[in-house]
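# An overview of the molecular structure
Residue strings, one per chain:
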Amino acid sequence: MNAAPIVGRGLACALGLDAAECVATLRAGGRPAGSRRLPGGLGGEFPYFAIPFEGRDWYERARALATRVAAEAGAQPRCRGALFVATSSFDVGAVEAGVKGAAVGDYRRFVDAVAGWLDWAGPVYAVSTACTSSLNALIAAQAVLRAGSVDEALVLGIELENRLTMGGFAALQLLSRTGSKPFGAHRDGLVLGESVAAIRLAAHGDSAWRLLGGANVVDGANPTGASESALNAMFARTLAASGLGADQIDLVKVQAAGSPGNDLAEARALRAAFEPVPPLVSLKATIGHTMGASGAAEIALLTACLENGAWPVAADAVDPELGVALAVKPPAVRRLLATILGFGGSHAAVALERT
Amino acid sequence: MSDLIITGRCVEPPAADWRARLAQMLGEKPRRIGAWAELGLYGALRCMADDGEATLPRDAVLMLASRGGTHVATRAALDQMRDDLPMPVAFLQTQPSQLLALLAARLDFPGNACFLAGASLAEARALAEAQAGAGGALVGWVDDADGGATEWLRMRRSD
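My aim in this report is to walk through the structure given alongside it, one point at a time.

The rules behind each value
- Residues numbered from 1 in each chain as written.
- Chains lettered and ligands numbered in written order.
- Predicted model: local features only at pLDDT ≥ 70, side-chain atom pairs only at ≥ 80, totals over all residues.
- Heavy atoms only, no water.
- Helix = DSSP H or I, 4+ residues; strand = E, 2+ residues; numbered from the N terminus.
- Rg over C-alpha atoms; globule rule 2.2 N^0.38 Å.
- Buried < 20%, exposed > 50% of the residue type's maximum accessible area, 1.4 Å probe, protein only.
- Areas by Shrake-Rupley, 256 points an atom, 1.4 Å probe, with all protein chains shown as cover.
- Lys, Arg positive; Asp, Glu negative; His and termini not counted.
- Charge placed at Lys NZ, Arg CZ, Asp CG, Glu CD.
- Contact = heavy atoms within 4.5 Å.
- Pairing = 2+ DSSP bridges.
- Polar contact = N/O pair within 3.5 Å; in protein donor to acceptor, adjacent residues only side chain to side chain.
- Core = buried A, V, L, I, M, F, W, Y, C linked by side-chain atoms within 4.5 Å.
- Salt bridge = Lys/Arg side-chain N within 4 Å of Asp/Glu carboxyl O.
- Buried area = accessible area lost by both parts, 1.4 Å probe.
- Nonpolar A, V, L, I, M, F, W, Y, C, P; charged D, E, K, R; others polar.
- Axes fitted to C-alpha atoms, helices over the stretch in contact; angles between N-to-C directions.
- Left-handed = near helix turned anticlockwise from the far one by under 90°.

Here we come to the overall build of chain A. The secondary structure content of chain A amounts to ten helices and 13 strands. Taken over C-alpha atoms, the radius of gyration comes to 19 Å for chain A, in line with the 20 Å a tight globule of 355 residues would show. With respect to the principal axes defined by its C-alpha atoms, chain A has extents near 55 × 50 × 40 Å. Counting only residues that meet the buried cut, chain A has 64% of its 355 residues in that class. Accessible area of chain A: about 11800 Å², with a carbon and sulfur share of 50%. Put simply, chain A has 30 plus and 32 minus side-chain charges, and the middle of one group is 2 Å from the middle of the other.

Now for the overall build of chain B. A tally of regular secondary structure across chain B gives six helices and five strands. In summary, chain B has a C-alpha radius of gyration of 16 Å against a globular reference of 15 Å for 159 residues, a match within 12%. With the principal axes as the frame, chain B shows a C-alpha extent of 55 × 30 × 30 Å. Here chain B holds 159 residues, and 57% of them are scored as buried. Of the contacts formed within chain B by residues at least 6 apart in sequence, a portion of 72% connects residues at least 24 apart. Per element, the accessible surface of chain B, about 6700 Å² overall, is 50% carbon and sulfur. Averaging the coordinates of the 16 positive side-chain charges in chain B and doing the same for the 20 negative ones gives two points 3 Å apart.

This paragraph deals with the pairing of strand β6 (residues 152–159) of chain A. All names here are of chain A. Of all eight residues in β6, eight are buried, a share of seventy percent or more. With five bridges joining them, strand β4 (residues 82–86) and β6 adopt parallel strand pairing. The residue of β6 that forms the bridge with Ala86 is Gly157. Both β6 and strand β8 (residues 195–202) contribute to a ladder of eight bridges, which runs antiparallel. Bridge pairing links Ala153 to Leu201 in β8.

Residues and elements named next belong to chain A. Take Ser207: it is sitting in the loop between β8 and β9 (209–218). On the accessibility criterion, Ser207 (16% relative accessible area) is buried. A distance of 2.6 Å separates the side chain of Ser207 from the backbone oxygen of Trp209, its partner in a polar contact.

Here we take up unusual backbone geometry. Glycine aside, negative phi is the norm for most residues, and most peptide bonds take the trans geometry. All names here are of chain A. Residues Glu275 and Pro276 are joined by a peptide bond in cis, for which omega reads 0°. Relative to the assigned elements, Pro276 resides in the loop between α8 (260–273) and β11 (280–281). The residue Phe90 is not glycine, and still its phi comes out positive at about 50°. Note that Phe90 resides in the loop between β4 and α3 (92–97). A positive phi is found at Phe183, a non-glycine position, where the angle reads about 55°. Secondary-structure assignment places Phe183 in the loop between α6 (163–171) and β7 (192–193). You can call Phe183 buried: its relative accessible area is 0%.

Let us now look at the nonpolar core. Counting 95 residues, the largest nonpolar core has Phe84, Phe169, Leu201, Leu301 and Leu336 of chain A together with Met63 and Leu116 of chain B as the members making the most contacts within it. For this core, the leading source of residues is helix α10 (residues 294–308) of chain A, giving nine residues. In this structure, Leu336 of chain A is in contact with Trp209, Ile249, Leu251, Leu302, Leu306, Val350, Ala351 and Leu352 of chain A, ignoring residues within four places of it in sequence. With 68 residues, the next largest nonpolar core counts Tyr107 and Leu118 of chain A together with Leu62 and Leu107 of chain B among its residues.

This next bit is on the pattern of salt bridges. Charged atoms that come close allow side chains of opposite charge to pair. All names here are of chain A. Summed over the entire model, instances satisfying the criterion amount to 26 salt bridges over all chains. For the salt bridge of Arg78 with Asp119, the shortest nitrogen-to-oxygen distance reads 3.2 Å. With Arg78 in the loop between α2 (58–72) and β4 and Asp119 in the loop between α4 (107–117) and β5 (124–127), this pair connects stretches of sequence that are 41 residues apart. By relative accessible area, Asp119 is classed as partly exposed at 33%.

Listed as interface residues are 43 residues of chain B and, on the opposing side, 49 residues of chain A. Carbon and sulfur atoms supply 66% of the area that chain B and chain A bury against each other, a total of about 3500 Å² over both sides. For the interface between chain B and chain A, the tally reads zero salt bridges. Between chain B and chain A we count twelve residue pairs in polar contact (both at pLDDT 80 or more) in total. Elements with a contribution of two residues or more to the side of chain B that touches chain A: α3 (71–80), α4 (88–93), α5 (97–106), β3 (112–117) and α6 (121–131) of chain B. Tallied by class, residues from the side of chain B that touches chain A come to 23 nonpolar, 14 polar and six charged.

Residue and element names in this part refer to chain B. Here helix α1 (residues 18–26) crosses helix α2 (residues 35–51) at 65°, and the two axes come no closer than 10 Å. Read as a crossing pair, α1 and α2 show a hand that is left-handed. Facing α1, whose interface residues are Trp18, Arg19, Arg21, Leu22, Met25 and Leu26, α2 presents Ala35, Glu38, Leu39, Leu41, Tyr42, Leu45 and Arg46.

Right, here's the structure in full:
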């Protein structure tokens, strides 16, 4: 186990354009979701958490947000570290909008564009494992640092608005029409959102937080839902990779996106993995589920909240049948787990330690 | 330096009758997974067969890369989205991670699987080597342009 110091973070999401603004907005009660209208019989109005930032076109907006977030994380131009772009939707929003130069068919074009925006000089990878993309990018980044080929890695989650993703989730009847209710008694689906978030890791150095380890477990049995056995394996392997026992975890940032079935599977797995279950927190009602960027975005927001004593308020009473509860105030945290579940049977978690 | 050695491979272009061969390996024709995923399954199963394996150890890493990936499915879903929602299957086919799930199911592999967009086989191999546990790695590059390519390497620890 080689822990990787987290030497920087950056965040743009529905709460604001940097981590400090996000914490201040959350402390003031948050920002209500907007809405988006989708066509067709299963369409209609759906809540949506957009980043409060306009751009001349899709690429200009993405470039401005990515450079801003990377700079907040301390990334320097001409960096020779490894860049991990994490996304599930790439630039499909630009294709939909007919932006000049946008096209489907070559992922590298978008990845190279992002590297160009950051003036990145080192190796560039693009991880796309649906909603677990940025957690898997963190796991891969830690491995690359451990291998010693680079001494710095930037994970940049980018998930910006597009109709295809929202339409696809709506077609699968996974979206809520009422709001995000993590583990809620009245939960009825996900609320999507957009975020751009960066986590900067180093091979050495001082930092407030360290990435201890992580695990990704893919279960092929269900392409859209969570698997309890995979969740059990994910918790066990994350703890093992981090050199921790279950009793050393002070907080779990759960997925709890408000899906009736997935929330139930996650609650059961938490009860199986931890005795007693540590305090839990979900950020989905605050910024929405930001898919491939969610892992990086929620870690950036959570660590900022813990450092500043801010805390999200649950939007709904927790379902008593789940047998778990969400913490109502920030607990004392030395070590935490952060979990994200995604399409393609992907279940990912990482362990962080406050130094 | 990695101590992984190549113990199975599928590097030749897909045979003209690759779909029939895939159906034979699966015991049935694959349904509603898209041509790109079919091509990936074909190559991965041939590579595993070359190594004499039917399952992938849980502590292996599965690393998949592509240049264009699911572009055909993405174009189809975007077309559908003009007037209505995309068909659920069409949307799922836009996600490269669906091939990871198919491979995990077929190879009885509850482990770490990752898609690297735009990476070469060599880049995917390097990242797999950094992450591989005792079970080694299965690394693939799948693309349906120019007649299609599905190149796979099974790598194991030398000790």
